[in-house]
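Commentary on secondary and tertiary structure
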Amino acid sequence: MVRMVLLPSLGPFHILHPRYNAATVLAILEAQGPPAVYLASHSPQGLEGGAWREEDPLLFHLLPWAEERGIPVVALDQEAHLKEEAEAFRQALAQHPLGAPHLERMGAFDQALLGLLKRPLTPELLADAAFWQEVEAVYRGFAEAFGEGPATGFRAHRMARVAEALRGREGAVVADFLDYPFLLKALPQATFPSHTPTEAERVRALLDRAWQLKEEDDWAALLQGLMEVGTPEALFLAAQIYLAAGQWEDALLLMEEVFRMDFQHPGYLPGYVLARFGQLLDLAGQRERALRAYRGVLALSFAPEEARAIALAGLRTPFRL
């Protein structure tokens, strides 16, 4: 294994990139066999307490992968709480009578970064220093306009401390998109390994596409692919397509099957399964079972906010199309 591997996390944007999705990251890590995985953008407290769940879905896949292999995952950002300063800065601007033009300028930088994140991202592009120079240029413009500190969540300061903590260590480092350029400079010996696409990556891309179901998608092809995969997540997404098409009876049959399987992973899935199952049971007139499903969502140690909202609404009023 190379001494240090450095990989970017795209956070919720992984779902947009079939060539650099969660399975791609795991495949690269698997090939490298790191003795440890270091999280540059999370604190030990945040990792332990699950604060990452709403902001970094990659960890729903990375953490179980590492646990199965006995690979320690170490969070290194001792000052991750300072990230909240960036949001506080925006809120302060919004409340200031003269804040509107500044917020407009911030929005322009946001759109520039969004454009980079929505470009088709592949391992080859992400291994190219020129791409990160573009990211850095946008970030630098923002920092020059608003200051390196509260406006940026003290990103430069935090990553300098993380880089220092990484000196002399071996393993793989995963860093948030905007933290990555800082570590790329601070850790010149770190590499982004070459990667050959895997079957797991193809399957993850199919699942990610189904999570984003759009009117113009080939629903029949998606359904066929999901049924061939046959995992709880795939069958849940197939049921989603049936429901979107108005075929709730077919969706319920699939969800009954999912409910008989082990649907604990990924960690976001149980909440979604129980919430949607409750709605389908309501459509079938099985109110008591639906109520149990909704209560099951609220009893979970974690459920996505969308699933909790569905469950709370379902407890109040039976779901109807």
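Residues numbered from 1 in each chain as written. Predicted model: local features only at pLDDT ≥ 70, side-chain atom pairs only at ≥ 80, totals over all residues. Heavy atoms only, no water.

Concerning the overall build of the protein chain
Counting secondary structure elements, the protein chain contains 16 helices and four strands. The C-alpha radius of gyration computed for the protein chain amounts to 21 Å, which stays within 12% of the reference 20 Å derived for 321 residues, consistent with globular compactness. The principal-axis extents of the C-alpha atoms in the protein chain amount to approximately 60 × 55 × 40 Å. A total of 321 residues make up the protein chain; the buried ones form 49% of that total. For the protein chain, the proportion of contacts with a sequence separation of at least 24, taken over those separated by at least 6, is 69%. (Helix = DSSP H or I, 4+ residues; strand = E, 2+ residues; numbered from the N terminus. Rg over C-alpha atoms; globule rule 2.2 N^0.38 Å. Buried < 20%, exposed > 50% of the residue type's maximum accessible area, 1.4 Å probe, protein only. Contact = heavy atoms within 4.5 Å.)

Details of the packing of aromatic side chains
In the structure shown here, the tally under the stated rule is 16 aromatic pairs. With 5.1 Å between their ring centres and 80° between their planes, Phe-131 and Trp-132 make a pair best called edge-to-face. For Trp-132, a relative accessible area of 2% translates into the label buried. Each ring, one from Trp-211 and one from Tyr-268, has its centre 5.8 Å from the other, and the planes form 80°; the classification is edge-to-face. (Phe/Tyr/Trp six-rings, centres within 6.5 Å; stacked < 30°, edge-to-face > 60°.)

Coordinates in, geometry out; function isn't part of it.
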